[in-house]
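Analysis of the macromolecular model
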Amino acid sequence: MPSAEDTSVHEERSVVRPTHQDEIAEAGSELIGGRSGRWTRLGSTALTPVGVIALVALGMFALGMVQKLPCYNWAWFRGAGSQYTHACYSDIPHLYVGRGFSDGLVPYFDRLPGDMQYLEYPVLTGVFMQIASWLTPGGSIQHREQMYWMVNAGMLMICAVIIAVCVARTHRRRPWDGLLVALAPAFALTATINWDLLAVALTAAAMLMWSRGRALAFGLLIGLATAAKLYPLLLLGPVFVLCWRAGRWREFGLAALGAAASWLVVNLPVMIYAPEGWSKFYSFSEERGIDFGSFWLIITQRTGMRIETSTVNLVSELLMVLLCVGIAVLTLMAPRRPRFAQLAFLVVAAFILVNKVYSPQYVLWLIPLAALARPRWRDFLIWQACEVMYFLGIWMYLAYTTSGDKHQGLPTEGYQLAIALHLLGTLYLCAVVVRDILMPERDVVRRDGSDDPSGGVLDGAGDVFALGPAAHPARHAVPAVEGPWVDWGAVHGPAAD
């Protein structure tokens, strides 16, 4: 039986170090003295990989708060243009007044003055907003708006750390992939625009639970995440197809039941006692027209034609169904069963690409999934550069539209280019992930012989149902792996540094 010291050394060596495999990570490590050597005792101090990632996430989140200082100090309260030219807009202080929190109105139950009669957010997000309003100290209305944003920022900072830690722990041997999340520039820039981090944190925690084989806990967390934002529900699709291929129907059933149960626990009281307020999120989502960031906006602006909202809804839904069918076929025909994180990224990216609106904070949905699906710095940073350009583009465009005859900011053609960059960057990362699925030997996660570190019960499981060549793989189809001799899931040669 190995000693504790031997076990420690084995665990230390089993950790994948990006600085030894990724040229961008290696070059970046020169800022802190170069890549870690073979004698580095990872985990021998309080600064474990997860601890480092949590601290970096806190630091980047704080920098994002600093970036909002011009708005916090004055720009939120002195007309629309300044908050756009400083690129520091946030929904949070404006909705404190606009959705009745400053007047003590109860979300979903109390009718709001103006066109928006009820809060247009899912119930768990509404609870989050209400708790923040309870914690907001009194004073002048401007002071209360500032404090409301600050209280929300503190709560969202906790969510940000949870996301980074969950990503770091999802792939046991790849904790440093969490740095992709912690250092993502778009993460810091968009974290306090809205309340999306709550749903993202619950989704990241759900994926961690699935990676540990806890299907019921995964389902419960997905249900809670869906009660905060609609997109986490999409992750049940990849779970369904992967469990179909692996014959793991019990685990899928537990996940689906858990999701339905937790969603109902949160939503049912409001559904019963405030049905009109509860349904506002769904009716608003359906009635909302073409808006910022979508390819639909480019079409209408370039052609001048008006597209009915019902038509956009129908076509978007059909496109989403077609893309999901394509992802399912890809899953069943791939030479090896795709990793869960890969499919989760693809299905959420598909939803974003065909949607009729793309708010800049929606990038938060994809960042943890991208870090798990394609943990390679070059591809991640290419995508992030496109998202940062879109972040700047939308605010400069809004500055242009609110500047009157001054025409300060980015004109319509420039904003269309920013949208195109966002779409192309997302499509590029999708293409790389699809390539990794079709050519598993190109997948950096599987280079050491791993199968699906985020797959839980699917990790190393055999196929029960597959289509095409995957149903009868050729003997020579096993991917070649550089380094040790590898069977999928087992390393027979010496472990790499």
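Calculation criteria
- Residues numbered from 1 in each chain as written.
- Predicted model: local features only at pLDDT ≥ 70, side-chain atom pairs only at ≥ 80, totals over all residues.
- Heavy atoms only, no water.
- Helix = DSSP H or I, 4+ residues; strand = E, 2+ residues; numbered from the N terminus.
- Areas by Shrake-Rupley, 256 points an atom, 1.4 Å probe, with all protein chains shown as cover.
- Disulfide = S-S within 2.5 Å.
- Core = buried A, V, L, I, M, F, W, Y, C linked by side-chain atoms within 4.5 Å.
- Buried < 20%, exposed > 50% of the residue type's maximum accessible area, 1.4 Å probe, protein only.
- Contact = heavy atoms within 4.5 Å.
- 1 Å grid on protein atoms, 1.4 Å probe; cavity = no way out; pocket = protein on both sides within 12 Å on 5 of 7 lines; lining within 4 Å.
- Points joined across faces, edges and corners; volume = space filled by probe spheres on them.
- Expected span 1.5 Å × (residues − 1).
- Patch = residues over 30% accessible without salt bridge, like charges linked within 9 Å, V, L, I, M, F, W, Y side chains within 5 Å.
- Salt bridge = Lys/Arg side-chain N within 4 Å of Asp/Glu carboxyl O.
- pLDDT = per-residue confidence, 0-100.
- Axes fitted to C-alpha atoms, helices over the stretch in contact; angles between N-to-C directions.
- Parallel < 35°, antiparallel > 145°, perpendicular 65-115°, else oblique.
- Left-handed = near helix turned anticlockwise from the far one by under 90°.
- Nonpolar A, V, L, I, M, F, W, Y, C, P; charged D, E, K, R; others polar.
- Phe/Tyr/Trp six-rings, centres within 6.5 Å; stacked < 30°, edge-to-face > 60°.

What follows deals with the overall build of the chain. A tally of helices and strands in the chain yields 22 helices and two strands. As presented, the chain carries roughly 21900 Å² of accessible surface, and 64% of it is formed by carbon and sulfur atoms.

Let's shift gears to the state of the cysteines. One pass over the structure, following the stated rule, counts one disulfide. Each sulfur in the disulfide pair Cys 71 and Cys 88 lies 2.0 Å from the other. A torsion of 75° about the S-S bond marks the disulfide between Cys 71 and Cys 88 as right-handed. Of this pair, Cys 71 sits in helix α4 (residues 69–73) while Cys 88 sits in the loop between α5 (81–85) and α6 (91–98), and the two are 17 residues apart along the sequence.

Turning next to the nonpolar core. Ranked by size, the top nonpolar core spans 139 residues in total, and within it Leu 197, Phe 218 and Phe 345 carry the most contacts. The leading source of residues in this core is helix α8 (residues 141–170), at 14 residues. Excluding residues that lie within four positions of it along the chain, Leu 197 makes contacts with Phe 61, Leu 156, Cys 159, Ala 160, Ile 163, Phe 187, Ala 191 and Leu 364.

In this structure, the largest pocket encloses a volume near 1400 Å³. Every residue lining the largest pocket is counted, 44 residues in all, and those nearest its centre are Ser 285, Arg 288, Asn 355, Val 357 and Tyr 362. Among the elements of the structure, α6, α16 (280–287), α18 (309–333), α19 (340–354) and α21 (377–402) are those that each provide at least two residues to the lining of the largest pocket. Considering every element that reaches the lining of the largest pocket, the biggest residue donor is α18, with seven residues.

For the rest of this paragraph, the subject is helix α12 (residues 215–226). The end-to-end C-alpha distance of α12 is 16 Å, a good match for the 16 Å that twelve residues give at a rise of 1.5 Å each. Taken together, the buried residues of α12 touch α11 (196–211), α13 (236–246), α14 (249–273) and α19.

What follows is about a nonpolar patch on the surface. On the surface, a cluster of nonpolar side chains totalling about 850 Å² of accessible area is made up of Phe 240, Trp 244, Trp 249, Val 321, Val 325, Val 329, Met 333, Val 464, Phe 465 and Leu 467. Elements supplying a minimum of two residues to the nonpolar patch: α13 and α18. Here the nonpolar patch takes four residues from α18, the largest share from any one element. Checked against the element boundaries, Phe 465 lands in the loop between α22 (412–438) and β1 (486–487).

Turning to the confidence of the model for the chain, a few remarks are in order. Looking at the chain as a whole, its pLDDT mean stands at 89, while 86% of the residues score no less than 70. Throughout residues 1–13 the model reports pLDDT below 50, and contacts reaching past four residues in sequence, or to other chains, amount to ten contacts. In the predicted structure, residues 475–497 sits below a pLDDT of 50 and forms 30 contacts with residues beyond four places in sequence or in another chain.

Relative to the helices and strands, Thr 190 is located in helix α10 (residues 185–190). Its relative accessible area of 2% is what places Thr 190 among the buried residues. When neighbours within four sequence positions are excluded, Thr 190 is seen to be in contact with Pro 360, Gln 361, Val 363, Leu 364 and Phe 391.

Taken N-terminus to C-terminus, the directions of α21 and α22 make an angle of 160°; their axes are 8 Å apart at the nearest point. Comparing the axis directions of α21 and α22 gives the class roughly antiparallel. In this structure, α21 meets α22 at a crossing whose hand is left-handed. For the pair formed by α21 and α22, the contact residues are Arg 378, Asp 379, Ile 382, Trp 383, Cys 386, Glu 387, Met 389, Tyr 390, Gly 393, Ile 394 and Tyr 397 on the first element and Thr 412, Tyr 415, Ala 418, Ile 419, Leu 421, His 422, Gly 425, Thr 426, Tyr 428, Leu 429 and Val 432 on the second.

Below, the discussion takes up the packing of helix α17 (residues 295–303) against α22. Put simply, α17 and α22 touch, their axes get as near as 10 Å, and they point 150° apart. Accordingly, the angle class assigned to the pair α17 and α22 is roughly antiparallel. Seen from above, α17 lies across α22 with left-handed handedness. Residues Phe 295, Leu 297, Ile 298, Gln 301 and Arg 302 of α17 lie in contact with α22, whose contacting residues are Thr 412, Glu 413, Tyr 415, Gln 416, Ile 419, Ala 420 and Leu 423. Looking at the contact of α17 with α22 residue by residue, the classes come out as seven nonpolar, three polar and two charged.

Counted by the stated rule, this structure contains 17 salt bridges. Across the salt bridge formed by Asp 436 and Arg 374, the nearest N and O atoms sit 2.9 Å from each other. One end of the pair, Asp 436, is in helix α22; the other, Arg 374, is in the loop between α20 (363–373) and α21, with 62 residues separating them in the sequence. Given a relative accessible area of 3%, Arg 374 falls into the buried group. Salt bridges here are not isolated pairs; linked through shared partners, they connect Arg 245, Arg 336, Arg 337, Arg 446, Asp 451 and Asp 463.

What follows deals with the side chain of Asn 152. For Asn 152, the location among the structural elements is in helix α8. In contact with Asn 152, other than residues within four places in its own chain, are Ile 92, Phe 128, Ala 132 and Trp 195.

Another aspect to go through is the environment of Asp 443. Positionally, Asp 443 belongs in the loop between α22 and β1. The spacing of Asp 443 and Val 433 is ten residues in sequence and 8.3 Å in space, taken between C-alpha atoms. If near-sequence neighbours (up to four positions away) are discounted, Asp 443 is found in contact with Arg 339, Gln 342 and Asp 436.

All right, on to the packing of aromatic side chains then. This model, assessed by the stated rule, comprises 32 aromatic pairs. Ring geometry for Phe 391 against Trp 395: centres 6.0 Å apart, planes inclined by 85°, an arrangement best described as edge-to-face. One end of the pair, Phe 391, and the other, Trp 395, are both in helix α21, four residues apart, so they sit about a helical turn from each other. Taking relative accessible area as the criterion, Phe 391 reaches 3% and is therefore assigned buried. Overall, Trp 395 belongs to the buried group, its relative accessible area being 3%. By the ring-pair criterion, three or more aromatic residues cluster together here, those being Tyr 231, Phe 292, Phe 351, Tyr 358, Tyr 362, Trp 365, Tyr 390, Tyr 397 and Tyr 415.

Let us now look at unusual backbone geometry. In this structure, Ala 87 is a non-glycine residue whose phi angle is positive, near 55°. Along the polypeptide, Ala 87 turns up in the loop between α5 and α6. The phi torsion at Tyr 108 lies on the positive side, around 75°, for a residue other than glycine. Note that Tyr 108 resides in the loop between α6 and α7 (123–135).

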